[in-house]
Amino acid sequence: MGHVSHHTDLEGRTLLDVGGGPGYFRDAFRSAGATYFSVDADAGELSGLGEIAPGTVLGSGMQLPFRDDAVDVCYSSNVLEHVDDPWRMAEEMVRITKPGGVVFISYTLWYGPWGGHETSPWHFLGGRRARRRYAKVHGHEPKNKFGESLFKVTVRQGRRWSRRQQSADVIAFEPRYHPGWARWTVHVPLIRELSTWNLVIILRKR
Ligand SMILES: C[S@@+](CC[C@H](N)C(=O)[O-])C[C@H]1O[C@@H](n2cnc3c(N)ncnc32)[C@H](O)[C@@H]1O
């Protein structure tokens, strides 16, 4: 949340958490003064904390059920790698954000140590192989199934999309968890894919 509040005051702002599950970040954003809404494609995830809270919507990040320019902040943490058209979801997030509003996108990088999620580190030998190996060892499929609910997303793709899109200015492009002195790594091809782990892209809508 610090990443977001660094770029915008949350007091009195409307925030949509895309792929927010049951609303893990609800309390943090509310205590910062934001009005919090969550949208998720999986009804099972939405009820993960018990009762589904008011302000929760069932829908896909790739086709957000909201009008253009609807929210002040559109937030998404660790969701892009779970959708088959991640940059369409990014476009959708920008679309529903008001001009001057902030879009926060963070995702787990495929070539990082946890790119394969519970199938790591075998994903380095290929996502399908890692999935098969997991099923054999554990006797059941992983929760995050490569090619179905887990996809290969890279720093390079994020950079290309950020530069291609015309609707927002990029105000941060950095590793989510690294200290400030290590941020330069995100600009070095190859090294950035292996070392970044989780990339944050923050944009301000024009
Ligand atoms: C790893 S969880 C992240 C949850 C939370 N944002 C966090 O950072 O802890 C991924 C979430 O994305 C949701 N999701 C997957 N595909 C989606 C889609 N097309 N649209 C919206 N949410 C989706 C899943 O249901 C799940 O709740």
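Source: prediction; values computed, not measured.

## Describing the pairing of strand E5 (residues 97-108)
Looking down a regular strand, the side chains alternate between one sheet face and the other.
Then step 1. Among the 12 residues that make up E5, 9 are buried, leaving the element largely enclosed by the rest of the structure.
Then step 2. In this sheet, E5 lies alongside strand E4 (residues 71-77) in parallel orientation, the contact comprising 6 bridges. Bridge pairing in E5 places valine 73 opposite valine 102.
Then step 3. Following the backbone out of E4, through helix H4 (residues 86-95) and into the adjacent parallel E5, one traces a crossover that is right-handed.
Then step 4. As paired strands, E5 and strand E7 (residues 198-205) are joined by 7 bridges and run antiparallel to one another. Within E7, the position partnered with tyrosine 107 by the bridge is leucine 199.

## Re the nonpolar core
Then step 1. The biggest cluster of nonpolar side chains holds 30 residues, and the ones touching the most others in it are Ile105 and Tyr107.
Then step 2. If you list the elements that add at least two residues to this core, you get strand E1 (14-18), E4, H4, E5, helix H6 (155-164), strand E6 (168-175) and E7.
Then step 3. With 5 residues, H4 is the largest single contributor of residues to this core.
Then step 4. Listed in part, the 13 residues of the second largest apolar core include Leu15, Ala34, Tyr75 and Phe104.

## Some words on the site of the ligand
Then step 1. Around the ligand, 17 residues are found, and the nearest of them are Gly19, Asp40, Ser60, Gly61 and Ser77.
Then step 2. A distance of 2.9 Å separates a nitrogen atom of the ligand from a polar atom in the backbone of glycine 19.
Then step 3. Within the contact set of the ligand, an oxygen atom lies 2.6 Å away from a side-chain nitrogen or oxygen of aspartate 40.
Then step 4. Burial of the ligand by the surrounding chains reaches 81%, relative to a free accessible area of 600 Å².

## Let's talk about the domain arrangement of the protein
Then step 1. Its domain assignment divides the protein into domain 1 (2-110 + 151-205) and domain 2 (113-149).
Then step 2. With 10 residues of domain 1 at the interface, the matching set in domain 2 holds 14 residues.
Then step 3. A combined buried area of about 1000 Å² lies between domain 1 and domain 2, and 66% of that area is made up of carbon and sulfur atoms.
Then step 4. In terms of surface lost to domain 2, no three residues of domain 1 exceed His82, Trp110 and Phe151, which account for 59% of the buried area on that side.
Then step 5. Taken together, the connections running from domain 1 to domain 2 amount to 1 salt bridge.
Then step 6. Seen at the junction of domain 1 and domain 2, the total is 5 residue pairs in polar contact (both at pLDDT 80 or more).
Then step 7. Grouping the amino acids of the side of domain 1 that touches domain 2 by side-chain chemistry returns 5 nonpolar, 2 polar and 3 charged.

Conventions and cut-offs
What you see as residue numbers is a count from 1 along each chain, following the sequence as written. Only residues with pLDDT of at least 70 get local features here, since the model is predicted, and only at 80 or more are side-chain atom pairs given and counted; chain-wide, interface and lining totals rely on the full set of residues. Excluding hydrogens and water, the side-chain figures rest on all heavy atoms present in the structure. Each residue's exposure class comes from its accessible area (1.4 Å probe, protein chains only) as a fraction of the maximum for that residue type: buried when under 20%, exposed when over 50%, partly exposed otherwise. Counting from the N terminus, the helices are the DSSP runs of H or I reaching at least four residues and the strands are the DSSP runs of E reaching at least two. For two strands to be treated as a pair, DSSP must find no fewer than two bridges joining them. Orienting the strands away from the viewer, one traces the path from the first strand over the helix to the second; a clockwise path indicates a right-handed crossover. Nonpolar core, defined: a set of buried Ala, Val, Leu, Ile, Met, Phe, Trp, Tyr and Cys residues in which side-chain atoms within 4.5 Å join the residues together. Proximity is defined per residue: if any heavy atom of the residue lies within 4 Å of a molecule or strand, that residue is considered near it. N or O atoms within 3.5 Å of each other form a polar contact, as long as, within protein, one can give a hydrogen and the other can take it, and as long as residues adjacent in sequence are counted only when both atoms are side-chain atoms. Note on areas: these come from Shrake-Rupley sampling with a 1.4 Å probe, and a residue is covered only by the protein chains present in the view. The source of the domain bounds is an automatic or database domain assignment. Here a residue-residue contact requires only that any non-hydrogen atoms of the pair lie within 4.5 Å. By buried area we mean how much accessible surface two parts lose on assembly, using a 1.4 Å probe and totalling the loss over both. We count a salt bridge whenever a side-chain nitrogen from Lys or Arg sits within 4 Å of a carboxyl oxygen from Asp or Glu. Under the grouping applied here, Gly and all other residues not named as nonpolar or charged are polar, the nonpolar ones being Ala, Val, Leu, Ile, Met, Phe, Trp, Tyr, Cys and Pro and the charged ones Asp, Glu, Lys and Arg.

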